[in-house]
Amino acid sequence: MDTARLADLLYPDIMTVPDDWEERYPPRDLPEGARVTRFAPSPTGFVTIGNILGAMVDEHMAHSGGGVFYLRVEDTDAKRTVDGGVALLTEALRHYGLTFDESDENGGDYGPYSQRARAALYQTYAKELTRRGLAYPCFCTGDDLTAMRAAQEAEKANFGYYGRWTKCRGLTLDEIEDNIKKGLPFVLRIRCPEGDGKPVTLDDPAKGRIEMPANDIDHVLLKSDGIPTYHFAHAVDDHLMRTTHVVRGDEWIATYPLHHMLFDMLGFKRPHYIHIAPLMKMDGGSKRKISKRKDPELALSWYAERGYPAAAVREYLMTLLNSNFEDWRRANPSAGLDEFPFSPKKMNAAGALFDIHKLDDVSKNVISRLTASEAYAELTAWAERNDEDFHRLLVRNPEYSRDILSIGRGGAKPRKDITRWDGAKEYLAFFFDELFIPVSPPDREFCGAYAGIYDPADGQDVWFQKIKDLGERFRYCPDVKQYKTDPAGWKGSVADASASLRLALTGRESSPDMYAVMRLLGADRVRERVNRA
Ligand code: GLU
């Protein structure tokens, strides 16, 4: 067949040839070993924790070696594309500290960065494959394909457009011309070469070596509207955008043999691949994939509402990504996450187990390491979106709020009272009269007497001595050890006396350092609360 004529017939408007695009998008001028990675989401309007996980791998790989991390919007499937989906994604990623070196929004030399805007590029390569006899138009209708599938099912044959099922593979140029004149829609299919029976090998640092039979299906490359399938766009885009490492979900491994074939046919150098397993979850006694329908924690909004700091989520995800991360963190408690020597080889091939308790634990640690100002900024930002009343109290006197948050912070062993910002209100409530709920302490008389001797000017030592002295008068042993040797001789120890005071002042059995608490509450409030008791 005159395939050059066929190519002109199918894509009469395409005047460009691959060399034009090769010239337009030359290899990147980057330092030796620098990696180019991309985040390539479909803008469905639903951002998942899995998206962040993948993007973290991309970002880390690019930015740890002077490379490029770019955003490519995979909007070829109109049904999955929603308005505002891209903005939602970029905003979510920015919140997690992931920013793009290149994107439609940020610019870059390898754009446009949305696939719908790249139709001419795909069609140039489609035309070239047609010219070389490696692709052909297929006019099969939906009904044809359904009938084929039914016949395959009846014969227990493999599904797909291959071998003797390829109805349109043998059409003559005249037949094709006829169909086109009639205005029949067509897709472009790859013409699979006669296989040599050799398997295809994928070397994936996360998965190890995988061998698969070569592709024998004449997959669709361009749909009838000239928009590519994922497979064809992947090959053309990752080549022209000069991606060195493709990080993607492991559901794509099954079609890797097709991708392998396409890169060969197009004469492109293959990128490295890292396939990420989906997050798993324990359900009853067994592990299963985390699911959009069953697990609200798949959606990023879930984390924002509960007030997990972005840094905590990233830190937690890193524990899922690399099993050695926790040891590294223990050895480097204050190092930045970027300093961690992330390795795709240490990724969990079978899918990491998502565990909310573990996330809570990480979050508690991350929050405890924030400075008071950072904690204030994060807490108020959370409250502004999730708890207006609390927000008003927090910003009424920022200095007071910051002082509250600075109690027990900054030392080698910071307090770990706050797990997520949505728990902060309960914990800090007693600092605000509007939220304080008085509780009657066990020893009201002792508290009443304390009101008489309390002096806000006392230093911590004098302050404590006074509690001990007053306690002794109320038969609380000033020495806890001594009390234990003779509990019958006392009402309790100084610890019990303090507990009464704490309950009167905070309404709680546990609180941060009481001396610091009293200083912040101020003399009037302290007197009022112990007197009220
Ligand atoms: N749009 C594809 C997805 O969301 C991208 C896969 C890839 O990164 O190549 O699954």
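Look a little higher up for the structure.
Predicted model, so just to flag it, every value in this text is computed and none were measured.

Caption draft 1: Broad picture of the overall build of the protein chain. In terms of regular secondary structure, the protein chain is built from 23 helices and 13 strands. Whereas a compact globule of 533 residues would reach a radius of gyration of roughly 24 Å, the protein chain reaches 33 Å, over 25% beyond that. Once the C-alpha set of the protein chain is aligned to its principal axes, its extents read approximately 110 × 45 × 45 Å. Here the protein chain holds 533 residues, and 50% of them are scored as buried. Contacts in the protein chain between residues at least 24 apart in sequence constitute 74% of all its contacts with a sequence separation of at least 6. For the protein chain, the accessible surface area stands at approximately 25,900 Å², while carbon and sulfur atoms represent 50% of it.

Caption draft 2: Representation of the site of the ligand in the model. Within the structure, the ligand sits among R38, A40, S42, E74, Y230, V247, R248 and W252. Within the backbone of A40, a nitrogen or oxygen atom sits 2.8 Å from a nitrogen atom of the ligand. One of the side-chain N or O atoms of E74 is found 2.7 Å from a nitrogen atom in the ligand. Considered on its own, the ligand offers 300 Å² of accessible surface; in the complex 81% of this is hidden by protein. For the shell around the ligand, the class distribution of residues is four nonpolar, one polar and three charged.

Caption draft 3: Examining the nonpolar core more closely. Counting residues in each nonpolar core, the largest one holds 59 residues, and the members touching the most others are Y11, Y125, L129, I190, F232, L262 and L266. Here this core gets seven residues from one element, more than from any other, and that element is helix α9 (residues 256–266). Excluding anything up to four places from it in sequence, L266 contacts Y125, L129, F232 and A235. Counting 50 residues, the second largest nonpolar core, distinct from the first, contains V73, L98, L300 and F342.

Caption draft 4: Focus on the environment of E388. As for its position among the elements, E388 is in helix α15 (residues 388–396). The class of E388 is exposed, set by a relative accessible area of 59%. Separated by 359 residues in sequence, E388 and D29 have C-alpha atoms that sit 50 Å apart.

Caption draft 5: Spotlight on the sheet that holds strand β4 (residues 187–190). Read from one edge to the other, the open sheet built from three strands follows the order β3-β4-β7, with strand pairing classed as antiparallel. Across the chains shown, the open sheet's two edge strands, defined by having one partner strand only, are β3 (135–138) and β7 (220–222). Pairwise comparison of adjacent strand axes, ignoring direction, gives a mean angle of 45° for this sheet. As judged from the two bridges shared by β4 and β7, these two strands associate in the antiparallel manner. Its bridge partner being in β7, L188 is matched across the sheet by L222.

Caption draft 6: Representation of the pattern of salt bridges within the structure. Enumeration according to the criterion identifies 40 salt bridges in this entry. When the shortest N-O distance is used, the salt bridge between D295 and R288 registers 2.9 Å. Residue class for D295 comes out buried when judged on its relative accessible area of 2%. Residue classification places R288 among the buried positions, given a relative accessible area of 17%. Among the salt bridges present, the one from R415 reaches D417, with a minimum N-O distance of 2.8 Å.

Caption draft 7: Summary view of the packing of aromatic side chains. This model, assessed by the stated rule, comprises 27 aromatic pairs. An angle of 75° between the planes, with centres 5.0 Å apart, marks the rings of W302 and Y303 as edge-to-face. Here W302 falls in the buried class, since its relative accessible area comes to 11%. The interplanar angle of 85° and the centroid separation of 5.9 Å between the aromatic rings of Y400 and F432 together place this pair among those described as edge-to-face. Taken together, the residues span a long stretch of sequence, with Y400 in helix α16 (residues 398–406) and F432 in the loop between α17 (424–428) and α18 (444–453) at a distance of 32 residues. On the basis of relative accessible area, F432 is assigned to the buried category, the value being 2%. Each residue in the set W302, Y303, Y308, Y316 and F354 is aromatic and connected to the rest through ring pairs, giving one cluster. In this arrangement the basic side chain of R28 is found over the ring face of Y110, its NZ or CZ atom lying 3.9 Å from the centre. For R189, the ring lying beneath its charged end belongs to Y161, and the centroid distance is 3.6 Å.

Caption draft 8: Up close: the state of the cysteines. Throughout the structure, instances matching the rule amount to zero disulfides. The thiol of C138 is unpaired, and the distance to the nearest cysteine sulfur, on C140, comes to 3.8 Å. Its relative accessible area of 2% is what places C138 among the buried residues.

Caption draft 9: Looking closely at helix α14 (residues 372–386). Its 15 residues place the ends of α14 20 Å apart at the C-alpha level, agreeing with the 21 Å of an ideal helix rising 1.5 Å per residue. Every buried residue of α14 is accounted for by A372, A375, Y376, L379, T380, W382 and A383. Down the axis, α14 shows its buried residues gathered within 165° of arc, on one side only. Opposite the buried face of α14, at more than 90 degrees from it, the exposed residues are E384 and R385.

Caption draft 10: Representation of the environment of S440. Residue placement: S440 occurs in the loop between α17 and α18. Spatially, the C-alpha atoms of S440 and A533 are 5.8 Å apart, while their sequence positions differ by 93 residues.

Caption draft 11: Seen up close, the packing of helix α21 (residues 494–506) against helix α23 (residues 523–532). Where α21 meets α23, the axes come as close as 8 Å, and the angle between the chain directions of the two elements is 110°. With respect to α23, the axis of α21 lies roughly perpendicular. In the crossing of α21 with α23, the sense of the turn from one axis to the other is right-handed. Here L501, A504 and L505 of α21 come into contact with α23, specifically with V526, R529 and V530. Partitioned by chemical class, the residues of the contact of α21 with α23 number five nonpolar, no polar and one charged.

Definitions and limits used
- Residues numbered from 1 in each chain as written.
- Predicted model: local features only at pLDDT ≥ 70, side-chain atom pairs only at ≥ 80, totals over all residues.
- Heavy atoms only, no water.
- Helix = DSSP H or I, 4+ residues; strand = E, 2+ residues; numbered from the N terminus.
- Rg over C-alpha atoms; globule rule 2.2 N^0.38 Å.
- Buried < 20%, exposed > 50% of the residue type's maximum accessible area, 1.4 Å probe, protein only.
- Contact = heavy atoms within 4.5 Å.
- Areas by Shrake-Rupley, 256 points an atom, 1.4 Å probe, with all protein chains shown as cover.
- Near = heavy atom within 4 Å.
- Polar contact = N/O pair within 3.5 Å; in protein donor to acceptor, adjacent residues only side chain to side chain.
- Nonpolar A, V, L, I, M, F, W, Y, C, P; charged D, E, K, R; others polar.
- Core = buried A, V, L, I, M, F, W, Y, C linked by side-chain atoms within 4.5 Å.
- Pairing = 2+ DSSP bridges.
- Axes fitted to C-alpha atoms, helices over the stretch in contact; angles between N-to-C directions.
- Salt bridge = Lys/Arg side-chain N within 4 Å of Asp/Glu carboxyl O.
- Phe/Tyr/Trp six-rings, centres within 6.5 Å; stacked < 30°, edge-to-face > 60°.
- Lys NZ or Arg CZ within 6 Å of the ring centre and 35° of its normal.
- Disulfide = S-S within 2.5 Å.
- Expected span 1.5 Å × (residues − 1).
- Arc of directions from axis to C-beta.
- Parallel < 35°, antiparallel > 145°, perpendicular 65-115°, else oblique.
- Left-handed = near helix turned anticlockwise from the far one by under 90°.

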